[in-house]
Amino acid sequence: MKINDFNTLNLNQSMNKINNDIHKLADPSKTDNVVNAFIQDVYENDINTSLQEINNFNEAVGFMQIADGALRSISDNVSEIKTLQVAANNATLNNDNLAAINSQINKLSQNINDTLSQTQYNGKSVFGEFNFNGINVNTSMPEFSTENIDDFEKSLNSALSSVGAFNNEAVSKVNNLAQFVINTSNAKSQNETDIAKTVTDMKNEELKLNASILAQAHKMNISEQNLMNLLI
């Protein structure tokens, strides 16, 4: 085999190896990019999952806002009933006055029970025991009557407290999820930048290696010519 044939063979082999390395990185079907694609998919899945959780919490907050409004309306009615009950104890009232007060109490009592039975969110009663993304809420309420007003108020205060606790925890979790989405989105963008940089670096290395190989080949060609001159 001639020296120049040997140089050409090695040059071609080296160039083929460089091209294979570049194609391995640039081709999405190859290992490195499959790993990076997987990482990107994980980021994307984490982001979508967190956004869905935020959406779930927003729905739950809307649900609880309806419950909170209903409970506060009931609380106002209970307070008014208690005020009327005190007024009814006035010995100076005549039968007509008492009848008017009792009629108003009955109307308020009916309003309370109507609120308990009719207040819904998307067709679902807002009174009961619920679990929203791991947060338990209990807005269960008994039917109202003036005979059980003290026990009713205890249930009312408990329900209002449960709604308040949920809102505080939901706000905290939504804030944490939102920050997680921001951080993960930044990491995803950085990973995309890293992939692009790696491909660019490999392209630059290809140019350097090509130049080095060509320089080496040129040097070997000169040596070959010198050797051939000695053999003449």
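Residues numbered from 1 in each chain as written. Predicted model: local features only at pLDDT ≥ 70, side-chain atom pairs only at ≥ 80, totals over all residues. Heavy atoms only, no water.

- Going by the annotation in an unreviewed UniProt entry, the name recorded for the protein is Flagellin, with Nautilia profundicola given as the source organism.

### With respect to the pairing of strand β4 (residues 135-138)
At step 1: Only one face of β4 is buried: it carries I135 and V137, and the other face, with N136 and N138, is open.
At step 2: Between strand β3 (residues 129-132) and β4, which pair antiparallel one after the other, the connecting turn spans two residues, and N133 there sits at a positive phi close to 50°. (Buried < 20%, exposed > 50% of the residue type's maximum accessible area, 1.4 Å probe, protein only. Helix = DSSP H or I, 4+ residues; strand = E, 2+ residues; numbered from the N terminus. Pairing = 2+ DSSP bridges.)

### What about the packing of aromatic side chains?
At step 1: Scanning all chains against the criterion turns up six aromatic pairs.
At step 2: Pairing F63 with Y121 gives two aromatic rings, centres 5.7 Å apart and planes at 70°, and the pair type is edge-to-face. Of the two residues, F63 is situated in helix α2 (residues 31-88) and Y121 in strand β1 (residues 120-121); the sequence distance between them amounts to 58 residues.
At step 3: For F63, a relative accessible area of 5% corresponds to the buried category.
At step 4: Taking relative accessible area as the criterion, Y121 reaches 21% and is therefore assigned partly exposed.
At step 5: Measuring from centroid to centroid gives 5.9 Å for F130 and F132, while their planes differ by 25°, and the two rings are stacked. (Phe/Tyr/Trp six-rings, centres within 6.5 Å; stacked < 30°, edge-to-face > 60°.)

### Some thoughts on unusual backbone geometry
At step 1: Residue N122 is not a glycine yet carries a positive backbone phi of 55°.
At step 2: Tracing the sequence through the fold places N122 in the loop between β1 and β2 (124-125).
At step 3: The phi dihedral of N133 is positive, around 50°, even though this residue is not glycine.

### Here we look at the side chain of D68
At step 1: Among the structural elements, D68 can be located in helix α2.
At step 2: Judged by relative accessible area, D68 falls into the buried class, the value being 18%.
At step 3: Residues within four places of D68 in sequence aside, it is in contact with L160 and V163. (Contact = heavy atoms within 4.5 Å.)

### Looking at the environment of N102
At step 1: Take N102: it is sitting in helix α3 (residues 95-118).
At step 2: Residue classification places N102 among the partly exposed positions, given a relative accessible area of 40%.

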